[in-house]
Protein chains: 2
Amino acid sequence: MDEIFLQRAIELAHASVSGGDGGPFGAVVVKDGEIIGEGRNRVIGSNDPTAHAEIAAIRSACARLGRFHLADCVLYASSEPCPMCLSAAYWARLQRIVFANTRDQAAAIGFCDDALYDELRLPHAARSVPTCHLPIPGAAEPLRRWHENPGRTAY
Amino acid sequence: MDEIFLQRAIELAHASVSGGDGGPFGAVVVKDGEIIGEGRNRVIGSNDPTAHAEIAAIRSACARLGRFHLADCVLYASSEPCPMCLSAAYWARLQRIVFANTRDQAAAIGFCDDALYDELRLPHAARSVPTCHLPIPGAAEPLRRWHENPGRTAY
């Protein structure tokens, strides 16, 4: 079954190349042997740097199920998820991830996924995007209010 | 000026706590001293695990400018971006990132950002979400088609 769902993710990747509106990446979310969310890269067409295939598939599946966790679902991606999409899969509590092409194959055609994994390992001061910790007075108040609310919904 | 924009991000974090529809996090994107995108966490209210403050602020700024890169913009976040949001900032080519609360402060009230940074460092086999590389025939075709198209738009 894994091959069938992965094949659909690759079809979606082809659609982005044909459409000219995104990179060559597709993804599907599957629950109980049924595709419940699909996505393809549409960064260019939607002017949205977060419009990766996996993000779109996860959002689509969550909208269909009406919940923000997908613990009973599997993510199939035509290529290895970038750190943004992998993190989204964790936030969604996905059960399993299956991918076909590696980050090295994506790097070979100009995508920076692999470099981004390296970058995230670095301390702030060593990163290519300058990152500054500026603890202003009162900044932690929203955290305290959230934590002290017994009716809060964890996610 | 950094303090003023960070203060607005914290106001947005308060709004999510008050609204009860998301975690205590807010963010803004600033261009030429003006806020051009705002976001607050709405994971719960929107049933979308990717609806973090920084993702929302980046999407909002890109929609306003009509482009998918924000190389002339700064991201202000009430708390240190999680790996998903940090990666989104890199994909958006943001110039600089400023945050107030640390990932340790978020971890202290139950958010897994810090653990997620650790998880991303691990090889596939050691991760808590099983991740499988399944290279099926034809999988690399979309990558080849993309690479061979001289009119492709890089992002």
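Quick caveat: nothing in here was measured; it's all calculated off a predicted structure. (Residues numbered from 1 in each chain as written. Chains lettered and ligands numbered in written order. Predicted model: local features only at pLDDT ≥ 70, side-chain atom pairs only at ≥ 80, totals over all residues. Heavy atoms only, no water.)

Examining the overall build of chain A
Argument step 1. In terms of regular secondary structure, chain A is built from seven helices and five strands.
Argument step 2. Along chain A, from the amino end to the carboxyl end, the secondary structure elements read α-β-β-α-α-β-α-β-α-α-β-α.
Argument step 3. Burial analysis of chain A (155 residues in total) assigns 55% to the buried set.
Argument step 4. By element, 52% of the accessible surface of chain A is carried by carbon and sulfur atoms, the whole surface being about 5,900 Å².
Argument step 5. Of the side chains in chain A, 15 bear a positive and 18 a negative charge, and the two mean positions are spaced by 8 Å. (Helix = DSSP H or I, 4+ residues; strand = E, 2+ residues; numbered from the N terminus. Buried < 20%, exposed > 50% of the residue type's maximum accessible area, 1.4 Å probe, protein only. Areas by Shrake-Rupley, 256 points an atom, 1.4 Å probe, with all protein chains shown as cover. Lys, Arg positive; Asp, Glu negative; His and termini not counted. Charge placed at Lys NZ, Arg CZ, Asp CG, Glu CD.)

Describing helix α4 (residues 83-91) of chain B
Argument step 1. The buried fraction of α4(B) amounts to nine of the nine residues, a majority that puts the element mostly inside the structure.
Argument step 2. Those residues of α4(B) lying buried are P83(B), M84(B), C85(B), L86(B), S87(B), A88(B), A89(B), Y90(B) and W91(B).
Argument step 3. Elements in contact with the buried residues of α4(B): α4 (83-91) and α6 (113-121) of chain A together with α3 (53-65), β3 (73-79), β4 (96-101) and α6 (113-121) of chain B.
Argument step 4. Looking one or two residues past α4(B), R93(B) carries a phi angle of roughly 60°, positive in sign. (Contact = heavy atoms within 4.5 Å.)

A short note on the packing of aromatic side chains
Argument step 1. Going through the model one piece at a time under the given rule, you end up with 12 aromatic pairs over all chains.
Argument step 2. Relative to F111(A), the ring of F25(A) lies with its centre 4.9 Å away and its plane at 80°, an arrangement referred to as edge-to-face. A residue pair is termed long-range when its members are at least 10 positions apart, and F25(A) in the loop between α1 (2-19) and β1 (26-31) and F111(A) in the loop between α5 (103-108) and α6 qualify at 86 residues.
Argument step 3. Its relative accessible area of 6% is what places F111(A) among the buried residues.
Argument step 4. Relative to Y155(B), the ring of W146(B) has its centre 6.2 Å away and its plane inclined at 75°; by these criteria the two rings are edge-to-face. As far as the burial class goes, W146(B) and Y155(B) line up, both buried.
Argument step 5. One aromatic cluster is present, formed by F25(A), F111(A), W91(B), W146(B) and Y155(B) through successive ring pairs.
Argument step 6. Positioned over the ring face of Y117(A) is R103(A), at 3.8 Å from the centre of the ring. (Phe/Tyr/Trp six-rings, centres within 6.5 Å; stacked < 30°, edge-to-face > 60°. Lys NZ or Arg CZ within 6 Å of the ring centre and 35° of its normal.)

Thoughts on the interface of chain B and chain A
A common way to report how large an interface is uses the accessible area buried once the components associate.
Argument step 1. Listed as interface residues are 83 residues of chain B and, on the opposing side, 83 residues of chain A.
Argument step 2. When chain B packs against chain A, close to 7,600 Å² is buried across both sides, 67% of that on carbon and sulfur atoms.
Argument step 3. Note that D48(B) and R59(A) form a salt bridge whose closest N and O atoms lie 2.8 Å from each other.
Argument step 4. Between the two partners, chain B and chain A, sit 30 residue pairs in polar contact (both at pLDDT 80 or more).
Argument step 5. Among the elements that make up the side of chain B that touches chain A, the one with the highest residue count is helix α1 (residues 2-19) of chain B (nine residues).
Argument step 6. When its residues are assigned to classes, the side of chain B that touches chain A shows 46 nonpolar, 23 polar and 14 charged.
Argument step 7. Examined bridge by bridge, strand β4 (residues 96-101) of chain A and strand β5 (residues 131-133) of chain B share three bridges and lie parallel to one another. Paired with F99(A) across the strands is H133(B), a residue of β5(B). (Buried area = accessible area lost by both parts, 1.4 Å probe. Salt bridge = Lys/Arg side-chain N within 4 Å of Asp/Glu carboxyl O. Polar contact = N/O pair within 3.5 Å; in protein donor to acceptor, adjacent residues only side chain to side chain. Nonpolar A, V, L, I, M, F, W, Y, C, P; charged D, E, K, R; others polar. Pairing = 2+ DSSP bridges.)

With respect to the sheet that holds strand β2 (residues 34-40) of chain A
Argument step 1. Read across the open sheet, the five strands follow the order β2(A)-β1(A)-β3(A)-β4(A)-β5(B); overall the sheet is mixed. Taken across any chain shown, the strands that pair with only one partner, and hence form the sheet edges, are β2 of chain A together with β5 of chain B. Strand-to-strand twist of the sheet, defined as the mean angle between neighbouring strand axes without regard to direction, takes the value 20°.
Argument step 2. Here β1(A) pairs with β2(A) via six bridges, running antiparallel. Residue pairing across strands places G26(A) opposite R40(A), the latter belonging to β2(A).
Argument step 3. Sheet strands touched by α1(A): β1, β2, β3 (73-79) and β4 of chain A. Its angle to β1(A), the strand with the most contacts, is close to 145°. (Axes fitted to C-alpha atoms, helices over the stretch in contact; angles between N-to-C directions.)

Here we look at the sheet that holds β4(B)
Argument step 1. Across the sheet, which stays open at both edges, the five strands sit in the order β5(A)-β4(B)-β3(B)-β1(B)-β2(B) with mixed pairing between neighbours. Of all strands in the sheet, those bounded by a partner on one side alone are β5 (131-133) of chain A together with β2 (34-40) of chain B. Pairs of neighbouring strands in the sheet enclose a mean axial angle of 20°, with direction left out of account.
Argument step 2. Summarising the sheet, strand β1 (residues 26-31) of chain B and β3(B) pair through five bridges and their orientation is antiparallel. Counted as the bridge partner of V29(B) is L75(B) from β3(B).

Focus: the packing of helix α3 (residues 53-65) of chain A against α4(A)
Residue and element names in this part refer to chain A.
Argument step 1. Contact geometry of α3 with α4 gives a least axis separation of 8 Å together with a crossing angle of 20°. Classified by the angle between their axes, α3 and α4 sit roughly parallel to one another. Crossing hand, α3 versus α4: left-handed. Together, E54, I55 and I58 of α3 and M84, C85, A88 and A89 of α4 make up the contact between the two elements.
Argument step 2. Classifying every residue of the contact of α3 with α4 gives six nonpolar, no polar and one charged. (Parallel < 35°, antiparallel > 145°, perpendicular 65-115°, else oblique. Left-handed = near helix turned anticlockwise from the far one by under 90°.)

As for the pairing of β3(A)
All names here are of chain A.
Argument step 1. For β3, a buried count of seven out of seven residues is recorded, marking the element as mostly surrounded by other parts of the structure.
Argument step 2. By the bridge criterion, five bridges tie β3 to β4 in an arrangement that is parallel. Residue pairing for β4: S79 is matched across the bridge by N101.
Argument step 3. Regarding topology, α4 serves as the crossover connection from β3 to the parallel β4, and that connection is right-handed. (Right-handed = clockwise from strand over helix to strand, strands pointing away.)

Interpretation in functional terms is not warranted from these geometric data alone.
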